[in-house]
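Examination of the molecular architecture
Here is what each chain is made of, one letter per residue.
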Amino acid sequence: MPRPQRCRRICYFPEYWRFCPDDTSCNKTVIMTLDEFETLRLIDYMGVTQKKCAEEMEVARTTVTAIYDSARKKVADCLVNGKQLVISGGNYRLGENHDGILKKLSKKGLNMMRIAVTYQEGQIFQHFGHTEQFKIYDVTDGKISTSQIVNTMGAGHGALAGFLKNAQVDVLICGGIGGGAQMAIAEAGIQLYSGNSGKADEAVEKWMNGTLTQNKNATCDHHGHEHGHGHTCGNHSCI
């Protein structure tokens, strides 16, 4: 019987999840796992050695070599053959880069749903990737048992999605959110309710009674035309 794979530690979710050449129809897709992406990020982008990469990912150096070789071959396949590259899945665990914030959260109990809302002065903040605060609600037996406001560390949807995953969030309520951020939230296993505005507390009440809007196309930017819930939408999505 083969030995089970050891779970590979990755530091962050990517900021970008899908790449496609603009001069082809991209009818073939290559899937790169997040642990493969992490070896490229550490070795090729950060410039660390394979030995250091293995230490960061908490696996053997031979394992890193195999993952790295696989990742490079996939990149070459996309570049040479004009294929779409999508980052998804893999045997990994997400490193906890927000330990100080996570320790302030109340412990999530059994049979409890944890909801996060992008938050600013009582309202749903409209640009997920620039969220500086989440309001976290714990719901038990159809009632809010606890709620608290937490500050985030840094901007960018990859880091924010990673924080929500490590915080054991089940549901995210937000305003505008780009396609890459939606992929990050999906990878984190979080149910998304985007395209919402108004008071955060009222949105959670609507979620509990089943009337909250779920608009997965609520991408936005600052340069397009305005529609929907008072945010702007155009060709470039807000992250």
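What you see is a predicted model; the values in this text were computed from it and never measured.

Side note on the environment of Ser194
Looking at the secondary structure, you find Ser194 in the loop between strand 11 (191–193) and helix 7 (200–208). For the pair Ser194 and Cys174, spaced 20 residues apart in the sequence, the C-alpha separation amounts to 4.8 Å.

Examining the pairing of strand 4 (residues 84–87)
Burial along strand 4 is two-sided: Gln84 and Val86 facing one way and Leu85 and Ile87 facing the other are all buried. By the bridge criterion, two bridges tie strand 2 (residues 18–19) to strand 4 in an arrangement that is antiparallel. When the bridges of strand 4 are listed, Arg18 appears paired with Val86. Relative to strand 4, strand 3 (residues 29–32) is paired through four bridges, and the arrangement is parallel. From the neighbouring strand, Thr29 faces strand 4, where its bridge partner is Gln84.

Describing the environment of Phe13
Inspection of the secondary structure assignment puts Phe13 in the loop between strand 1 (8–10) and strand 2. With a relative accessible area of 3%, Phe13 lands in the buried category. The spatial distance from the C-alpha of Phe13 to the C-alpha of Leu34 is 7.8 Å, given a sequence separation of 21 residues.

Observations regarding the packing of helix 5 (residues 157–166) against helix 6 (residues 179–187)
When two helices pack together, their arrangement is given by the angle between their axes and by how far apart the axes lie. Two numbers describe how helix 5 lies on helix 6: the axes approach to 9 Å, and their chain directions differ by 25 degrees. On the basis of their axis angle, the class for helix 5 and helix 6 is roughly parallel. As for the relative orientation of helix 5 and helix 6, their crossing is right-handed in sense. From helix 5, His157, Ala161 and Leu164 reach across to helix 6, where they touch Gly180, Ala181, Ala184 and Ile185. Taken together, the residues of the contact of helix 5 with helix 6 sort by class into five nonpolar, two polar and no charged.

About the thresholds
- Residues numbered from 1 in each chain as written.
- Predicted model: local features only at pLDDT ≥ 70, side-chain atom pairs only at ≥ 80, totals over all residues.
- Heavy atoms only, no water.
- Helix = DSSP H or I, 4+ residues; strand = E, 2+ residues; numbered from the N terminus.
- Buried < 20%, exposed > 50% of the residue type's maximum accessible area, 1.4 Å probe, protein only.
- Pairing = 2+ DSSP bridges.
- Axes fitted to C-alpha atoms, helices over the stretch in contact; angles between N-to-C directions.
- Parallel < 35°, antiparallel > 145°, perpendicular 65-115°, else oblique.
- Left-handed = near helix turned anticlockwise from the far one by under 90°.
- Contact = heavy atoms within 4.5 Å.
- Nonpolar A, V, L, I, M, F, W, Y, C, P; charged D, E, K, R; others polar.

Remember that the coordinates give geometry; whether it matters functionally is a separate question.
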